[in-house]
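Single-letter residue listing:
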Amino acid sequence: MAVLTVLSIVFVRNLQVEPTGKKQLVLETAIGGIHQFFEEIVGENGKVFIPYLITVAIYIGVANLIGLLGFKPPTKDLNVTAALSIMSIIIIEYAGFHKKGLKKWVKSFAEPVPIIAPINILEIFIRPLSLCMRLFGNVLGAFVVMELIKKLVPLIVPIPFSCYFDIFDGLIQAYVFVFLTSLFIKEALE
Amino acid sequence: MLRLDWNLVLEIINMIVLYLLMKKFLIGPVTAIMEKRQETIEQQLSNAEDANKQALDLKEQYEIKLEKADETSKEIVNKGKQEAKKLEEQMLEDAKKQAERIIKEAEETVALERKKAVRDMESEIAGLAMAAAAKILGENGKESDNRDFYEQFLAKAGESNDTNSN
């Protein structure tokens, strides 16, 4: 966390309106790209939530990639993914509540037909659970497999597996997590 | 491993803090600067559009002016042509008049001359006749001659008047 903050401060320190350095260009492309990606999903009304989504994306991405440096990925801990998914569902429901007001928010559970209301209510718990478990399971699985491969063949062979399990899988999971969260937010805003 | 404990709450707090930090230090400034640039670009675009519009307006004005100038020049040329025509006609008329007058004068002169010539000739003829008469009278002063003349005259006159008198 501290590292991310310090890095951000360093990167952001001398931004200018007229782009001068490559550093700024890369930073803007990255942040702007992610920003646009979320904006397309959540729409105009969900702009408030974009910074949070970007934070989560960066956090999960870094957390998953940190395994490359020999750290244990924090997302391997169920508590972390649970915390992330609980915050996600809080934000999702807050978005719907804020947009529709109490009455409509309650009513929205009975759509499109009242009979599926129980399922809709169950979704409140299922969504974070699935988010949490997906991330946790993927990272843990990748971690375990990587450890096993490293134990088995410590030389050369782990490299391609590391590329897949640490980089590809980690980024995909970060992407899926924030993508689903933003989709749910958009759904709640409708 | 599948166990939730107080770490959950700590993680949530961590996330919130990270979110606030990120928002303050990374996303805030970057989006702010991007928006600023967007604004600048839009402003410049609108400026360019304004300038373009102005230029177009000016062009239109110039075109109108050019057209007007063209019209004026045409008008002037037309006017000049008309005046020239008028002048030409007038000159022609004047020339005609003058020619007519000259001809008339010439005719008058000719007529006068002829009259004069006729009169001269008449007087000359009269003179000649007189001279002839005088000559005849002077040369042949004799009685016989006079008588002959007279008789001859009578005879001629009498012949022509016979039918009337008788």
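Structural notes, computed from the coordinates. Just so it is clear, the structure is predicted and the values come from calculations on it, not from any experiment.

### Observations regarding the overall build of chain A
Phase 1: Per the secondary structure count, chain A includes six helices and zero strands.
Phase 2: Mapped in sequence order, the helices and strands of chain A form the string α-α-α-α-α-α.
Phase 3: Expressed as a percentage of the 190 residues in chain A, the buried residues total 44%.
Phase 4: Within chain A, contacts between residues at least 6 apart in sequence are counted, and of these 66% link residues at least 24 apart.

### Considering the packing of aromatic side chains
All names here are of chain A.
Phase 1: For the coordinates displayed, the defined rule picks out nine aromatic pairs over all chains.
Phase 2: Ring geometry for Phe-37 against Phe-179: centres 6.2 Å apart, planes inclined by 25 degrees, an arrangement best described as stacked. In this pair, Phe-37 is assigned in helix 2 (residues 22–42) and Phe-179 in helix 6 (residues 158–189), connecting sequence segments 142 residues apart.
Phase 3: Seen from their ring centres, Tyr-175 and Phe-179 are 5.5 Å apart, and the 10 degrees between their planes marks the pair as stacked. Of this pair, Tyr-175 and Phe-179 both sit in helix 6, four residues apart, roughly one helical turn.
Phase 4: Members of the aromatic cluster, each reached through a chain of ring pairs, are Phe-37, Phe-38, Tyr-175 and Phe-179.

### Some thoughts on the packing of helix 3 (residues 50–65) of chain A against helix 4 (residues 78–107) of chain A
Residue and element names in this part refer to chain A.
Phase 1: Axis separation between helix 3 and helix 4 bottoms out at 12 Å; the angle between their running directions is 165 degrees. Judged by the inter-axis angle, helix 3 sits roughly antiparallel to helix 4. Of the two elements, helix 3 crosses helix 4, and the hand of that crossing is left-handed. Here helix 3 contributes Tyr-52, Val-56, Tyr-59 and Ile-60 to the contact with helix 4, which in turn contributes Val-80, Leu-84, Met-87, Ser-88 and Ile-91.
Phase 2: Broken down by class, the residue content of the contact of helix 3 with helix 4 amounts to eight nonpolar, one polar and no charged.

### A look at helix 2 of chain A
All names here are of chain A.
Phase 1: Taking 1.5 Å of rise per residue, the 21 residues of helix 2 would be expected to cover 30 Å, and the 30 Å separating its terminal C-alpha atoms lies within 8% of that figure.
Phase 2: Buried residues of helix 2: Gln-24, Leu-27, Glu-28, Ile-31, Gly-32, His-35, Phe-38, Ile-41 and Val-42, and no others.
Phase 3: Of the residues flanking the end of helix 2, it is Gly-43, one or two places downstream, whose phi is positive at about 80 degrees.

### A short note on the interface of chain A and chain B
Phase 1: In this assembly, 36 residues from chain A lie in contact with 29 residues from chain B.
Phase 2: In total, chain A and chain B occlude about 3,000 Å² of area from one another, counting both sides; carbon and sulfur atoms represent 81% of this.
Phase 3: Inspection of the region where chain A meets chain B yields zero salt bridges.
Phase 4: Across the chain A-chain B interface, the total number found is zero residue pairs in polar contact (both at pLDDT 80 or more).
Phase 5: Of all the elements in the fold, those that place two or more residues in the side of chain A that touches chain B are helix 1 (2–12), helix 2, helix 3, helix 4 and helix 5 (117–152) of chain A.
Phase 6: Sorting elements by how many residues they give to the side of chain A that touches chain B places helix 4 of chain A first, with eight residues.

Thresholds applied
- Residues numbered from 1 in each chain as written.
- Chains lettered and ligands numbered in written order.
- Predicted model: local features only at pLDDT ≥ 70, side-chain atom pairs only at ≥ 80, totals over all residues.
- Heavy atoms only, no water.
- Helix = DSSP H or I, 4+ residues; strand = E, 2+ residues; numbered from the N terminus.
- Buried < 20%, exposed > 50% of the residue type's maximum accessible area, 1.4 Å probe, protein only.
- Contact = heavy atoms within 4.5 Å.
- Phe/Tyr/Trp six-rings, centres within 6.5 Å; stacked < 30°, edge-to-face > 60°.
- Axes fitted to C-alpha atoms, helices over the stretch in contact; angles between N-to-C directions.
- Parallel < 35°, antiparallel > 145°, perpendicular 65-115°, else oblique.
- Left-handed = near helix turned anticlockwise from the far one by under 90°.
- Nonpolar A, V, L, I, M, F, W, Y, C, P; charged D, E, K, R; others polar.
- Expected span 1.5 Å × (residues − 1).
- Buried area = accessible area lost by both parts, 1.4 Å probe.
- Salt bridge = Lys/Arg side-chain N within 4 Å of Asp/Glu carboxyl O.
- Polar contact = N/O pair within 3.5 Å; in protein donor to acceptor, adjacent residues only side chain to side chain.

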